[in-house]
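Coordinate inspection notes
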Amino acid sequence: EPINTALVTGGAGFIGSHIVDQLTATCDVTVYDNLTSGAKDNVATGADVIEAGLNNTERLTTAVQNTDVVFHHAAQVSVTQSVEAPTSSHAVNLDPSLEILEAARNSDTRVVFASSAAIYGHPEYTPIDEGHPKQPTSPYGLEKLTADHYCRLYHDLYGVETTALRYFNVYGPRQQGGDYSGVISIFRDQARVGDDITVEGDGEQTRDFIHVDDIVQANMLAATSDAAVGESFNIGTGDTITIRELAETIQDVTGTDSDIVHVDPREGDIKRSRADITKAREALGFEPKYSIKDGLTEYLSE
Ligand code: UD2
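The following paragraphs examine the structure supplied in this document.

Thresholds applied
- Residues numbered from 1 in each chain as written.
- Predicted model: local features only at pLDDT ≥ 70, side-chain atom pairs only at ≥ 80, totals over all residues.
- Heavy atoms only, no water.
- Helix = DSSP H or I, 4+ residues; strand = E, 2+ residues; numbered from the N terminus.
- Rg over C-alpha atoms; globule rule 2.2 N^0.38 Å.
- Buried < 20%, exposed > 50% of the residue type's maximum accessible area, 1.4 Å probe, protein only.
- Contact = heavy atoms within 4.5 Å.
- Areas by Shrake-Rupley, 256 points an atom, 1.4 Å probe, with all protein chains shown as cover.
- Lys, Arg positive; Asp, Glu negative; His and termini not counted.
- Charge placed at Lys NZ, Arg CZ, Asp CG, Glu CD.
- Near = heavy atom within 4 Å.
- Polar contact = N/O pair within 3.5 Å; in protein donor to acceptor, adjacent residues only side chain to side chain.
- Nonpolar A, V, L, I, M, F, W, Y, C, P; charged D, E, K, R; others polar.
- Pairing = 2+ DSSP bridges.
- Patch = residues over 30% accessible without salt bridge, like charges linked within 9 Å, V, L, I, M, F, W, Y side chains within 5 Å.
- Salt bridge = Lys/Arg side-chain N within 4 Å of Asp/Glu carboxyl O.
- Phe/Tyr/Trp six-rings, centres within 6.5 Å; stacked < 30°, edge-to-face > 60°.
- Core = buried A, V, L, I, M, F, W, Y, C linked by side-chain atoms within 4.5 Å.

**Side note on the overall build of the protein**
On a plain count of helices and strands, the protein comes out with 11 helices and 13 strands. Whereas a compact globule of 302 residues would reach a radius of gyration of roughly 19 Å, the protein reaches 19 Å, a difference of no more than 12%. Taking the principal axes of the C-alpha coordinates as reference, the protein spans close to 55 × 40 × 40 Å. Taken across its 302 residues, the protein has 50% of its residues classed as buried. Taking the contacts inside the protein whose residues are at least 6 apart along the sequence as the reference set, 74% of them involve residues at least 24 apart. Counting every atom, the protein has about 13,600 Å² of accessible surface; 44% of that belongs to carbon and sulfur. Each charge sign in the protein was given a centre, from 21 positive and 48 negative side chains, and these centres are 3 Å apart.

Right, dumping it as structure tokens:
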């Protein structure tokens, strides 16, 4: 079914704004964002913006009920902050997700939820499939896991059309630098100004980095495919790179004078992460377009 109207919560943020870019070409888009970490500059012209917090249940409910599909990307995204202040993280990441599902239950709205690989905790094996044990190691991971389960439950109990997309490590334009951001944007900023590139630990840890354009593709498939309904999907490339290789690639591609230095390992760091994307491939026809090398080259050339 074609999408006529879409609501993107967090539509002024990193991932949400790319979804908005894609949607404005074909349908009416409304962004729901409190503009604290997101910025109006990220929002494509043509999209309406509701500037409101997720705790504004009335506005949120109305916005959800007036749309065909809601892409729920507004969140408290910092794992560290969730560890420091679990109750406020919970209030942002959990209750509003339930309110969105509840609003969708009373209308014909479809819900695509931004879940996370954080729900799995320390991998017991890789690649990680959707049935992998879930032992989140942060309130953030537990909040994402609970909302992900609520999506499935709202489908099973009430027939709401829901899909949870479990993102691995996402990178691309508009990802913010700084302490709470992803390693790729941190290394990029260091390379740009000639600062040392700070590899935490031995750099042998691996990640499955996925370009934001491929995340957009997964969202479009989830919003339109029958096979997506009531399901959850790992979204990565299925490939990995070590953090050391990442640092070297960024050095190469940017031609920076920055040195690679090793600093203390991060406490509780995950050693290996890799998505098994068989389910998304087979059910949705999802096929990542960017290898890590191509994606990095594209991102760094900006
Ligand atoms: C990602 C998600 C997080 C959560 C988690 C679940 C991002 C930005 N974060 O955390 O939200 O879903 O996965 O597992 O996608 N590193 C360095 N130097 C630096 C910064 C980082 O070596 O300056 C290393 C870090 O120690 C880690 C790796 O890079 O081994 C990736 O770190 P990250 O913060 O980008 O992402 P991750 O996987 O910890």
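**Quick word on the site of the ligand**
Of all residues adjacent to the ligand, which total 18 residues, the nearest are Val183, Thr198, Glu200, Arg207 and Asp269. At a separation of 2.7 Å, an oxygen atom of the ligand approaches a polar side-chain atom of Glu200. In isolation the ligand has 730 Å² of accessible area, and contact with the protein removes 85% of it. Broken down by secondary-structure element, the contributors of at least two residues to the shell around the ligand are α7 (183–193) and β8 (197–200). The residue inventory of the shell around the ligand, partitioned by class, reads nine nonpolar, five polar and four charged.

**Some details on the pairing of strand β1 (residues 5–9)**
The side chains of a regular strand alternate between both faces of the sheet. Within β1, four of the five residues are buried, leaving the element largely enclosed by the surrounding structure. Relative to strand β2 (residues 28–33), β1 runs parallel, the two being bridged by five bridges. Residue pairing for β2: Ala6 is matched across the bridge by Val29. Two strands pair when backbone bridges link them, and β1 and strand β4 (residues 69–72) are joined in this way by four bridges, in the parallel orientation. Residue pairing for β4: Thr9 is matched across the bridge by His72.

**A word on the environment of His132**
The residue His132 is located in the loop between β5 (110–116) and α6 (139–158) in this model. For His132, a relative accessible area of 1% translates into the label buried. For His132, the contacting residues outside a window of four places in its chain are Tyr120, His122, Pro123, Glu124 and Tyr125. Separated by 2.8 Å, the side chain of His132 and the backbone nitrogen of Glu124 make a polar contact.

**What to know about a negative patch on the surface**
A cluster of like negative charges, contributed by Asp195, Asp196, Asp257 and Asp259, occupies part of the molecular surface. With a relative accessible area of 48%, Asp259 lands in the partly exposed category.

**Details of the pattern of salt bridges**
Inspection of every chain in the model, using the stated rule, returns 13 salt bridges. The residue Arg266 makes a salt bridge to Glu200 at a minimum N-O spacing of 3.2 Å. Of this pair, Arg266 sits in the loop between β13 (260–263) and α10 (278–284) while Glu200 sits in strand β8; the two residues are 66 residues apart in sequence, bridging distant segments of the chain. According to the relative accessible area criterion, Glu200 is partly exposed, its value standing at 30%. Among the ionic pairs, Glu248 bridges to Arg244, the shortest N-O distance being 2.9 Å. Taken together, the positions of Glu248 and Arg244, both in helix α9 (residues 243–254) and four residues apart, correspond to about one turn of that helix.

**Notes on the packing of aromatic side chains**
Each aromatic ring pair is characterised by the separation of its centres together with the angle its planes make. Applying the stated rule across the entire model yields three aromatic pairs. Centre to centre, the rings of Tyr150 and Tyr154 are 6.5 Å apart; their planes meet at 65°, and the pair counts as edge-to-face. Within this pair, Tyr150 and its partner Tyr154 are both found in helix α6, separated by four residues, close to a single helical turn. For Tyr150, a relative accessible area of 29% corresponds to the partly exposed category. Centre to centre, the rings of Tyr171 and Tyr299 are 6.2 Å apart; their planes meet at 65°, and the pair counts as edge-to-face. With Tyr171 in strand β7 (residues 169–171) and Tyr299 in helix α11 (residues 292–300), this pair connects stretches of sequence that are 128 residues apart. Since its relative accessible area comes to 0%, Tyr299 is described here as buried. Taken together, the ring pairs connect Tyr150, Tyr154 and Tyr158 into an aromatic cluster.

**A closer look at the nonpolar core**
In terms of nonpolar packing, the biggest core is built from 44 residues, with Leu23, Phe71 and Ile235 touching the most fellow members. For this core, the element with the highest residue contribution is helix α8 (residues 212–224), accounting for seven residues. For Leu23, the residues in contact, after removing those within four places along its chain, are Ile3, Ala6, Val8, Val29, Phe71 and Met220. Within the second largest apolar cluster, 22 residues are counted, among which are Val64, Leu94, Ala147 and Val160.

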